[in-house]
Structures are given as C-alpha cells and as structure tokens.
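# Survey of secondary and tertiary structure
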Amino acid sequence: MHHQPLFNLVVTNVPGPQTPLYCMGAKLLEAFPVVPLTHNLTVVVGILSYCGQLHFGLFADRDTWPDLSVLASGLDESFAELRKLAEEAAS
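We now turn to the structure provided with this report. Within each chain, residues carry numbers counting from 1 in the order of the written sequence. Local features in a predicted model are, by the rule used here, given only for residues with pLDDT of at least 70; side-chain atom pairs are given and counted only at 80 or more, and totals for whole chains, interfaces and linings are based on all residues. Side-chain calculation: all heavy atoms of the structure are included, whereas hydrogens and water are not.

### Looking at unusual backbone geometry
As a reminder, the rule being used: The numbering of helices and of strands both runs from the N terminus, where a helix is a DSSP run of H or I of at least 4 residues and a strand a run of E of at least 2. Partly exposed residues are those whose accessible area sits between 20% and 50% of the maximum for their type, while under 20% is buried and over 50% is exposed, using a 1.4 Å probe and protein chains only.
Positioned with a positive phi, Met-24 is a non-glycine residue whose angle comes to about 55°. As for its placement among the helices and strands, Met-24 is situated in the loop between strand E2 (22–23) and strand E3 (26–27). Classification of Met-24 as exposed rests on a relative accessible area of 86%. Phi angles above zero are rare outside glycine, and Cys-51 is one such case at about 50°. Within the secondary structure layout, Cys-51 lies in the loop between strand E4 (43–50) and strand E5 (53–60).

This is how it looks when you write it as structure tokens:
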C-alpha cells in the first residue's frame, strides 16, 4: 500500500466487540477508528462496530480534501435515508 500509485482512498470496516468493554470499572461508551494517512493516501474512512452501533473515522489531507465535511454530511444524509426506508419497509 505504501508504494502503489493506483489509489488514494482507503475504506476499512472492522467488526468490533458487541458486548460492552470496561476499564477499571468504567464502561466504554463509544469507539472510533483511526486509520493513518500514509504516502499517497489523501482520504481514509474507518468504520468500526461496537455494541450494535457503527462509528466512522474520517481523516484527510487538508490540501487535497479541504471539504471533508461534505463527505461527512453525505454519510449522515445517506444513513438517515436508509433508516427511513427500513422503517417504511418494517411497517
């Protein structure tokens, strides 16, 4: 991945634990993925599941992706649309 010229985006989906984790008695409420930018990668999307929820980590090279918030908004809108469709299909 470090020396390839063919792509500049990585999306990874890591299944996390579906039972709560604890550290010194404190419950872990959320877990967010961190995927490092390396060499020619300009944007990375990490997806991590934890206790029935999906958490996204978006990281980008600011010079190449100054509008990362547009991608984040698009993800929010898409999941809202999917949720609505799933609710309509269930009723």
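Further notes follow.
### Side note on the pairing of E5
How we decide: Strands are treated as partners if at least two bridges between them are detected by DSSP.
The pairing of E4 with E5 spans eight bridges and is classified as antiparallel. By the bridge assignment, Val-45 is partnered in E5 with Leu-58. Connecting E4 to the antiparallel partner E5 that follows it, the hairpin turn spans two residues, and Cys-51 within it adopts a positive phi of roughly 50°.

### With respect to the sheet that holds strand E1 (residues 9–14)
This is how the line gets drawn: Axis angles are defined between N-to-C directions and span 0 to 180 degrees, where every axis is a line fitted to C-alpha atoms and, for a helix, only to the segment in contact. Only heavy atoms matter for contacts: two residues are in contact if any of them lie within 4.5 Å across the pair.
Spatial ordering of the open sheet is given by E1-E4-E5, a layout of three strands whose pairing is mixed. Bordering the open sheet on either side are E1 and E5, each of which pairs with just one other strand. Neighbour to neighbour, the strand axes of the sheet diverge by 10° on average, direction disregarded. Lying over the sheet, helix H1 (residues 68–90) contacts E4 and E5, oriented at roughly 160° with respect to E5.

### Remarks on a nonpolar patch on the surface
So the rule is basically this: By definition, no residue in a patch forms a salt bridge, and every one has over 30% relative accessible area; like charges are joined within 9 Å, nonpolar side chains (Val, Leu, Ile, Met, Phe, Trp, Tyr) within 5 Å. Here the accessible surface of atoms and residues is derived via Shrake-Rupley with a 1.4 Å probe, and residues count as covered only by protein chains that are part of the display. Put simply, a salt bridge is a Lys or Arg side-chain nitrogen that is within 4 Å of an Asp or Glu carboxyl oxygen.
Where nonpolar side chains cluster on the molecular surface, the patch consists of Leu-54, Phe-79, Leu-82 and Leu-85 and spans about 370 Å² of accessible area. Mapping Phe-79 onto the fold places it in helix H1.

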